[in-house]
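# Structural features, examined
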Amino acid sequence: MADEALFEFLHMEIVSHIYKEQQSGKAEMDNKDRAVCVSVLEGMGFRVGQGLIERLTRDSPSFKDELDIMKFICKDFWTKVFRRQVDNLRTNHQGTYVLQDNKFAMLTQLSSGKQYLDQAPKYLAFSCGVVRGALSNLGMESVVTAEVSVMPSCKFQVVIQKL
């Protein structure tokens, strides 16, 4: 329980630090500055996801298909990283998956409802990178985006890039 809180606070401080560094010396951040921050956080998450999936799949048998990999991400990987399973997994069977987490760990400390909805994207960039990094190490290049309509509920859309 304590390690969860420590990770959540560390995550908040990393986000805060990245945004403060980018804003230093400027009155306000523009969209380009925000995009740089999101890119840095997503890159950090990507590397973390790669490392975590290596450890988690070390003793696992190989996966038979794309859906099998996504089920592993939603159950085992999500549980190890965010301490709970994804609440819902949907797919169109054409490479697009939607993972819904109704109590996403990185948003529970912020708010419930719509109070800080505009702040949510910066706290989701790292997590998108974690998922993308994990999928990349499993041989699936993807684009991962997150959407929040009411906090702390979050939907991650994973689009698998066909090579």
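Every chain's residues receive numbers from 1 upward, in the order its sequence appears when written. Residue-level local features of this predicted model are given only where pLDDT is at least 70; pairs of side-chain atoms are given and counted only at 80 or more, and the full residue set underlies all totals for whole chains, interfaces and linings. Computation of side-chain values: all heavy atoms of the structure, hydrogens and water removed.

Turning next to the overall build of the chain. From N to C terminus, the chain includes five helices and four strands. Sequence-ordered secondary structure for the chain, helices as α and strands as β, is α-α-α-β-β-α-α-β-β. Radius of gyration (C-alpha) of the chain: 16 Å, near the 15 Å computed for a compact globule of 163 residues. On the principal axes, the C-alpha backbone points of the chain span a range of 50 × 35 × 30 Å. Remark: exposure states derive from per-residue accessible area (1.4 Å probe, protein chains only) relative to the maximum for the residue type, with buried under 20%, exposed over 50%, and partly exposed in between. The 163 residues of the chain split such that 39% are buried. In what follows, residue pairs with any heavy atoms lying within 4.5 Å of each other are defined as contacts. Here the contacts in the chain between residues at least 6 apart in sequence split such that 60% fall between residues at least 24 apart. Carbon and sulfur atoms form 50% of the exposed surface of the chain, whose accessible area is close to 9,400 Å². In summary, the charge assignment counts Lys and Arg as positive and Asp and Glu as negative, without counting His or the chain termini. Each charge is placed at NZ for Lys, CZ for Arg, CG for Asp and CD for Glu. Distance between charge centroids for the chain: 3 Å, based on 20 positive and 20 negative side chains. Strands here are runs of E lasting at least two residues and helices are runs of H or I lasting at least four, both read from the DSSP assignment and numbered beginning at the N terminus. With the radius of gyration taken over C-alpha atoms, the globule rule is written as 2.2 Å times the number of residues to the power 0.38. For the area figures, the Shrake-Rupley method with a 1.4 Å probe applies, and any residue is considered shielded solely by the protein chains shown.

Our focus in this paragraph is a nonpolar patch on the surface. Like charges within 9 Å and nonpolar side chains (Val, Leu, Ile, Met, Phe, Trp, Tyr) within 5 Å are joined into patches, using only residues over 30% in relative accessible area that form no salt bridge. The term salt bridge refers to a side-chain nitrogen of Lys or Arg lying within 4 Å of a carboxyl oxygen of Asp or Glu. The grouping of Val36, Val40 and Met44 at the surface amounts to a nonpolar patch, some 190 Å² of accessible area in total. Within the element layout of this structure, methionine 44 appears in helix H2 (residues 31–56).

To continue, consider the side chain of glutamine 100. Along the chain, glutamine 100 falls in strand S2 (residues 96–101). Using a relative accessible area of 18% as the deciding quantity, one classes glutamine 100 as buried. In this structure the side chain of glutamine 100 is engaged in a polar contact, spanning 2.8 Å, whose partner is the side chain of asparagine 102. When sequence neighbours within four positions are dropped, the list of residues in contact with glutamine 100 reads Val86, Asp87, Asn88, Ser153, Cys154 and Lys155. Counted as a polar contact is a pair of N or O atoms within 3.5 Å, where, for protein atoms, one must be capable of donating a hydrogen and the other of accepting one, and residues adjacent in sequence contribute only when both atoms are in side chains.

Moving residue by residue along a regular strand, the side chains alternate between the two faces of the sheet. Counting buried residues in S2 gives five out of six residues, a clear majority hidden from the surface. Here, any two strands with at least 2 DSSP bridges between them count as paired. Two elements, strand S1 (residues 88–91) and S2, share four bridges in a ladder whose sense is antiparallel. The residue bridging arginine 90 from the neighbouring strand is valine 98, located in S2. The loop that links S1 with its antiparallel partner S2 comprises four residues; one of these, histidine 93, has a positive phi angle of about 60 degrees. Sheet topology places S2 next to strand S4 (residues 154–160); six bridges connect them, and they run antiparallel. Its bridge partner lying in S4, tyrosine 97 is registered against valine 158.

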